[in-house]
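Per-entry structural report
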Amino acid sequence: MATNGAGTRGERRDDDSRSRRGTRPARRVSRPAPTGARGMMHRFGGRDLADAAREKRYQPYSFETNGGTLRWLLIALVIWVAVSLFLAWNDRATANMLADWRDQGVQAIPPTEPHPQALLDFAAAEGIDCHTEAEILAGTPGCERVLDFYSDFADAQNRSNLILALLVVVFIGVIFPFGTFAHRANRNLLTLKSAGQRFKPEWAVIWFFVPVMNFYKPWQVFRELFKGSDPAVSTEDPEAWKKKGRTPPILHVWWLLLILALIFNPILLARFSVRENVADVAAVAQRLMWSDVLLAVVGVAAMLMAIELHRRQEIRHARVGPVTVTPELPRDPIEEALEEGARKQQQRMSKAKSKKSKGR
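Parameters and conventions
Residues numbered from 1 in each chain as written. Predicted model: local features only at pLDDT ≥ 70, side-chain atom pairs only at ≥ 80, totals over all residues. Heavy atoms only, no water. Helix = DSSP H or I, 4+ residues; strand = E, 2+ residues; numbered from the N terminus. Contact = heavy atoms within 4.5 Å. Patch = residues over 30% accessible without salt bridge, like charges linked within 9 Å, V, L, I, M, F, W, Y side chains within 5 Å. Areas by Shrake-Rupley, 256 points an atom, 1.4 Å probe, with all protein chains shown as cover. Salt bridge = Lys/Arg side-chain N within 4 Å of Asp/Glu carboxyl O. Lys, Arg positive; Asp, Glu negative; His and termini not counted. Charge placed at Lys NZ, Arg CZ, Asp CG, Glu CD. Buried < 20%, exposed > 50% of the residue type's maximum accessible area, 1.4 Å probe, protein only. Expected span 1.5 Å × (residues − 1). Disulfide = S-S within 2.5 Å.

**With respect to the side chain of Arg312**
Looking at where Arg312 falls in the secondary structure, it is placed in helix α13 (residues 278-320). Every residue in contact with Arg312, bar those within four places of it in the chain, is listed here: Phe226, Ser229, Asp230, Pro231, Arg246, Thr247 and Pro248.

**With respect to a negative patch on the surface**
Together, Glu144, Asp148, Asp152 and Asp155 line one region of the surface with negative charge. Looking at the secondary structure, you find Asp148 in helix α7 (residues 141-191). Of the residues examined, Asp148 reaches a relative accessible area of 45% and is grouped as partly exposed.

**Digging into the environment of Tyr216**
Looking at the secondary structure, you find Tyr216 in the loop between α8 (201-206) and α9 (217-228). The class for Tyr216 is partly exposed, based on a relative accessible area of 36%. Separated by 43 residues in the primary sequence, Tyr216 and Ile259 place their C-alpha atoms 9.1 Å from one another.

**Examining helix α11 (residues 249-263)**
The periodicity of an α-helix, 3.6 residues per turn, causes residues three or four positions apart to be oriented the same way. When the terminal C-alpha atoms of α11 are compared, their 22 Å separation across 15 residues agrees well with the 21 Å that a helix rising 1.5 Å per residue should span. What α11 keeps buried is the set Ile250, Leu251, Trp254, Trp255, Leu257, Leu258, Ile259 and Ala261.

**Focus: the pattern of salt bridges**
One pass over the structure, following the stated rule, counts five salt bridges. Put simply, Arg102 and Asp103 hold a salt bridge, and the shortest N to O gap is 3.5 Å. Two residues, Glu308 and Arg312, come together in a salt bridge whose shortest N-O distance is 3.1 Å. Of this pair, Glu308 and Arg312 are both found in helix α13, four residues apart, which corresponds to roughly one turn of the helix. Comparing Glu308 with Arg312 shows no difference in burial state: the two are buried. Ionic contacts of the salt-bridge type, sharing partners, join the residues Glu308, Arg311 and Arg312 into one network.

**Here's the deal with the state of the cysteines**
Using the criterion set out here, one finds one disulfide in the structure. Disulfide pairing is shown between Cys130 and Cys143; the S-S distance is 2.0 Å. Here the S-S torsion is close to 95°, and the disulfide linking Cys130 with Cys143 is therefore right-handed. Taken together, the residues span a long stretch of sequence, with Cys130 in the loop between α5 (116-126) and α6 (133-138) and Cys143 in helix α7 at a distance of 13 residues. Each member of the pair, Cys130 as well as Cys143, carries the same accessibility label: buried.

Shown next, in the form of structure tokens:
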């Protein structure tokens, strides 16, 4: 499995380590600077920033508080909860409106576009006295009733789509502070004297976007973060957190709610629901309302989970004190391949010698 970005054997450089090994100069992963047109492309494409970030990744670092990121994350989640509840209110209003129509005997679904033929088809299905386009233009009582059905249903649908689009925008706004929070919390583990992580900081974020794997990998990442940040675990053994670290119930509650929200989200419910008549659409709107409420509850659980993780890391940092760690440089894949080939060759030679000795 992958280790975290600081490496499972990242060195802590306190007074004791200096006396044993001496200090080491900061390491740099240098690359020749691009020139000319290639340099311009690097700058405009953001390649220079990426190279700088990659180089900084292997420099010594200390504990970085997540307080500022947590505030932005909480603001984004509060907006998420508010928009989700607003969407739930709208879907509930739509469900109530459709239920009233159903009780009045309406069965056909009104059109959402003002096409004359669609309006006339709806009128014919419901037995409403509206038979020609001329009557629609003249505004006869029957056609006025048809237009009222169309207007109310189209307004409800458009309002729901608009709020759902706003929710998607807010979701994108949540991703950035949440990813920064998870990445920094993972990097902090080594500075808290908790070594031996399975996940790199980058993968603490990437696993959320890998299909199928995102149903359990992020939960493993955050379980590791909570256990490695547990202030009750001794700092004498840097890997004691693996057995003695505890995870709070809010982590499991948040993850269970998140999985349910991924399965029963409004977009999937709307897409795979049967809507053949007004009663069906009313039932779908009712289910969408509960799906929206679930999204809001997920947001609240995420807030509580993030606050608890931040609290643990701050308490453990106060207990541990300032610690600087130096990430291990990534190994050259060619070097690893050569070492693996040499190891296999050594194994083959050992087996050959063993067979010869048995034959004698």
